[in-house]
Amino acid sequence: VAPPDWLRRVRSVFEADPAIAAVGGRIANGRPGRWGELDWFLNHSEWIRAGAPGERKNIPTMGIVYRREAIGDVRFPESNSGEDTAFALAVCDRGGKLWYEPAIVLTHRHERLDAASFREKQIACGRTIYRTRVALDRPGRVLVRWPALLFLFPHLWLTAARMVRAGYGGRVVTLFPWLVAGEAHRIRGFFEARRERAGASAGSESASATERTA
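Only a predicted model underlies this, so the values are computations on that prediction, with no experimental measurement involved.

Asker: Could you give an account of the nonpolar core, naming the residues involved and the relevant values?
Answerer: Membership of the largest hydrophobic core comes to 28 residues, with the highest contact counts inside it found for Y66, V91 and L179. Put simply, the parts of the chain that give this core at least two residues each are strand 1 (20–29), helix 2 (34–44), strand 3 (64–66), helix 3 (68–71), helix 4 (83–93), strand 4 (97–108), helix 7 (154–165) and helix 8 (169–213). It is helix 2 that contributes the most residues to this core, five residues altogether. Excluding residues that lie within four positions of it along the chain, L179 makes contacts with L38, L42, L156, M163 and V172. Of all hydrophobic cores here, the second largest spans eight residues; its members include V13, F14, I20 and I104.

Asker: Describe the environment of L158, naming the residues involved and giving the relevant values.
Answerer: With respect to the element layout, L158 can be found in helix 7. Relative accessible area serves as the criterion here: at 38%, L158 is assigned to the partly exposed category. The spacing of L158 and S45 is 113 residues in sequence and 8.7 Å in space, taken between C-alpha atoms.

Asker: Outline the sheet that holds strand 1, supporting the account with residue identities and numerical values.
Answerer: Paired through backbone hydrogen bonds, the strands of a sheet run either parallel or antiparallel to each other. Taken in spatial order, the four strands line up as 2-4-1-3 in an open sheet, and their pairing is mixed. Each end of this open sheet is capped by a strand with a single partner; those strands are strand 2 (54–56) and strand 3. Strand-to-strand twist of the sheet, defined as the mean angle between neighbouring strand axes without regard to direction, takes the value 40°. Sheet topology places strand 1 next to strand 4; nine bridges connect them, and they run parallel. By the bridge assignment, A22 is partnered in strand 4 with L98. Together, strand 1 and strand 4 form the strand contacts of helix 2, whose direction differs from that of strand 1 by roughly 150°.

Quick notes on the rules
- Residues numbered from 1 in each chain as written.
- Predicted model: local features only at pLDDT ≥ 70, side-chain atom pairs only at ≥ 80, totals over all residues.
- Heavy atoms only, no water.
- Core = buried A, V, L, I, M, F, W, Y, C linked by side-chain atoms within 4.5 Å.
- Buried < 20%, exposed > 50% of the residue type's maximum accessible area, 1.4 Å probe, protein only.
- Helix = DSSP H or I, 4+ residues; strand = E, 2+ residues; numbered from the N terminus.
- Contact = heavy atoms within 4.5 Å.
- Pairing = 2+ DSSP bridges.
- Axes fitted to C-alpha atoms, helices over the stretch in contact; angles between N-to-C directions.

So this is what it looks like as structure tokens:
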């Protein structure tokens, strides 16, 4: 749900700096209760705190406005795994920058409102993390090379720190068992995607060897 002043604020940012290619804002939770909060914290912790306006490397597509001329011939890749991140990086490669404006507050009404759908979402996030870190220059790419680091739960502690800075320290304590479970599901998804890629590579090598033999 976009606020009434969304496009007015976006326009002000664009007019202030022609080098800005896109503007996005803060994300508020539109689904009270345990599962809505968990989805919000685990998947959007980077954008829950007001903080200061500034340049970012990625902003969720749910509430971002791009300049048409900044996009040029860039298009979303035909996938459902980090496609918004790939798009944003491609736009930035053309010379623009992404701008975070915390005065814009977009309310996200999550749909993962039970244990099963929450688990599926976190597994999917883990798979996306692996695929984007293989294909794109994103923070956490070291995990592709040393996946055992995942068992230190780096994203959990990063999420907890962001929650504390945003004033949700008490929710870290209350939701901690479910935050840990969510991270465990993410790790599972990461390793599932890793195995799939290894299997695809092995199959490709086997096919190539068969062709050479033939």
